[in-house]
Amino acid sequence: MSYSKELFEYALGILNQRRNDAKAKASARKTELYRHLPRLREIENELAGTGMELVHAVMAGGKDTKEAVAAVKSKNLTLQQERAALLHHAGVEANYLEPVFVCAKCKDEGYISGTMCDCMEKILRDEKLRRLNSTSSLSLSSFSNFRLDYYPTAADNNGISPRKRMEDIFKLCQQFAAGFDERCDKNLLMLGATGLGKTHLSLAIASEVIAKGYEVIYGSVQDLFRRAEDEKFSREGTSYDTLEALLECDLLILDDLGSEFVTSFTTAMLYNIINTRINHRKPTIISTNLPFKELDSQYADRVVSRMIGNYNVLQFQGNDIRRIMLSAR
């Protein structure tokens, strides 16, 4: 992923805070230990002084330089051994006085020999996804609080009740989440009127997948596409952060397809997202209140064709659960 200057500044701020916290805690440990072990402070000061002693010995030159350098090194080693013995006697580890960084590899600098460290990459990715998901309620829906008893038990013309259909959909969504892999051919298209549980189940999947450590973007098509369009036409010379994230995240959940203002731009973007993610085997979930006939008339044939050919279509049935819940209060 590419990142904006603002995101880089955010990540560097986090790392700077981590370094300061680690150093402050190390300083506090030192102060406390010095209070109980005054000799330890003396040793630390003497060790700091051996550096200058070594410099002076080298710069003095002469035939005794080698012996002088050896003497300073011997003194330094003796002091280190005494310090280690004091710490051992006090029951603390040898590195007790050193800062404990969140990332031991880069010491919370963010870079190792000019290459971005994994820890900084994670901060950037997590924050980018958090901002894209800032308007969703990923924590409010789960499989455990999904109510199948709200669905009617009366059979339809095919002899199957809405509850039975929803039981099957519920199990399939659970299986999708349980067996999730960011490189698979699983895609879901959730169809059905408003209030039938499409958003609830897609959020439940998102929560489970996020808990496994995968990157998930959830949002309405209207909101996500508006952000991508604003970036394209309002931020000349910058990368298209939102579109790139929609193409690359492990799981993309596009909610409420059909609520957006359909233009040639949004239709082309929708096809690009669907087609690219299929080609890269990146799972996608799309929910819509529109029936197939309206999807066909609202979007280009190639868009609907790609969905039909590559998505598992889930037809939600029943009564508006939101109204049922409100009337029960």
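The structure under discussion appears in the preceding block.
A quick note: this is a predicted structure, and the numbers were derived from the prediction, not measured.

(A) Broad picture of the pairing of strand β5 (residues 251-257). Burial analysis of β5 places 6 of its 7 residues in the buried class, which makes it a mostly covered element. Looking at chain direction, strand β4 (residues 216-220) and β5 are connected through 5 bridges and run parallel. Bridge pairing in β5 links G219 to L254. By the bridge criterion, 4 bridges tie β5 to strand β6 (residues 284-288) in an arrangement that is parallel. Looking at β6, one finds that L252 is bridged to T284. Following the backbone out of β5, through helix α9 (residues 264-279) and into the adjacent parallel β6, one traces a crossover that is right-handed.

(B) Region of the structure containing the sheet that holds strand β3 (residues 187-191). Pairing is parallel in the open sheet, where 5 strands are placed in the order β4-β5-β6-β3-β7. Here the strands that pair on one side only, and so sit at the sheet edges, are β4 and β7 (312-315). Each strand axis lies, on average, 10 degrees off the axis of its neighbour in the sheet, ignoring direction. With respect to the sheet, helix α5 (residues 162-178) is in contact with β3, β5, β6 and β7, its orientation differing from that of β7 by roughly 140 degrees.

(C) Spatial organisation of the packing of helix α2 (residues 38-60) against helix α3 (residues 65-90). Their axes nearest at 9 Å, the elements α2 and α3 cross at an angle of 165 degrees. Compared by their axis directions, α2 and α3 come out roughly antiparallel. Both α2 and α3 take part in a crossing whose hand is left-handed. Along the contact surface, α2 presents R39, L40, I43, E44, E46, L47, T50, E53, L54, A57 and V58, while α3 presents T65, A68, V69, V72, K75, N76, L79, Q80, E82, R83, L86 and L87. Residues of the contact of α2 with α3, tallied by class, amount to 12 nonpolar, 4 polar and 7 charged.

(D) Region of interest: the nonpolar core. The biggest cluster of nonpolar side chains holds 31 residues, and the ones touching the most others in it are I217, L257, L270, I273, I274, I286 and M307. Those elements giving two or more residues to this core turn out to be β3, α7 (221-234), α8 (241-248), β5, α9 and α11 (301-310). Listed in part, the 26 residues of the second largest apolar core include M166, F180, L196 and L201.

(E) Representation of the side chain of R125 within the structure. With respect to the helices and strands, the residue R125 is situated in helix α4 (residues 118-132). In this structure R125 comes out as buried when scored by relative accessible area, which is 19%. In terms of polar contacts, R125 uses its side chain to reach the side chain of E215, at 2.3 Å.

(F) Local environment of the side chain of E44. Mapped onto the fold, E44 is located in helix α2. Excluding its chain neighbours within four sequence positions, the residues that come into contact with E44 are K30, Y34, R83 and L97.

(G) Structural detail: the environment of A48. Tracing the backbone through its elements, the reader meets A48 in helix α2. Remark: the alpha-carbon pair of A48 and N76, spanning 28 residues in sequence, is separated by 9.3 Å.

(H) Structural view of helix α6 (residues 198-211). Its 14 residues place the ends of α6 20 Å apart at the C-alpha level, agreeing with the 20 Å of an ideal helix rising 1.5 Å per residue. Taken together, the buried positions of α6 are occupied by K198, H200, L201, S202, L203, A204, I205, A206 and V209. Packed against the buried residues of α6 are α5, β3, β4, β5 and β6.

(I) Inspection of the environment of T31 at higher detail. Mapped onto the elements, T31 comes out in helix α1 (residues 5-36). Given a relative accessible area of 49%, T31 falls into the partly exposed group. With 10 residues separating them along the chain, T31 and R41 place their C-alpha atoms 9.0 Å apart.

(J) Representation of the state of the cysteines in the model. Per the counting criterion, the structure on display carries 0 disulfides. The cysteine C106 is free of any disulfide, with C119 supplying the nearest cysteine sulfur at 3.5 Å. Relative accessible area serves as the criterion here: at 13%, C119 is assigned to the buried category.

(K) View of the pattern of salt bridges. In this structure the tally under the stated criterion is 16 salt bridges. Among the ionic pairs, E82 bridges to R39, the shortest N-O distance being 2.9 Å. Separated by 43 residues along the polypeptide, E82 in helix α3 and R39 in helix α2 bring together distant segments of the chain. A relative accessible area of 26% places R39 in the partly exposed class. Here D126 and K122 are joined by a salt bridge, their closest N and O atoms 2.5 Å apart. Note that D126 and K122 are positioned in helix α4 at a spacing of 4 residues, about one turn of the helix. Residue D126 is classed as partly exposed on the basis of its relative accessible area of 37%.

Conventions used here
Residues numbered from 1 in each chain as written. Predicted model: local features only at pLDDT ≥ 70, side-chain atom pairs only at ≥ 80, totals over all residues. Heavy atoms only, no water. Buried < 20%, exposed > 50% of the residue type's maximum accessible area, 1.4 Å probe, protein only. Helix = DSSP H or I, 4+ residues; strand = E, 2+ residues; numbered from the N terminus. Pairing = 2+ DSSP bridges. Right-handed = clockwise from strand over helix to strand, strands pointing away. Axes fitted to C-alpha atoms, helices over the stretch in contact; angles between N-to-C directions. Contact = heavy atoms within 4.5 Å. Parallel < 35°, antiparallel > 145°, perpendicular 65-115°, else oblique. Left-handed = near helix turned anticlockwise from the far one by under 90°. Nonpolar A, V, L, I, M, F, W, Y, C, P; charged D, E, K, R; others polar. Core = buried A, V, L, I, M, F, W, Y, C linked by side-chain atoms within 4.5 Å. Polar contact = N/O pair within 3.5 Å; in protein donor to acceptor, adjacent residues only side chain to side chain. Expected span 1.5 Å × (residues − 1). Disulfide = S-S within 2.5 Å. Salt bridge = Lys/Arg side-chain N within 4 Å of Asp/Glu carboxyl O.

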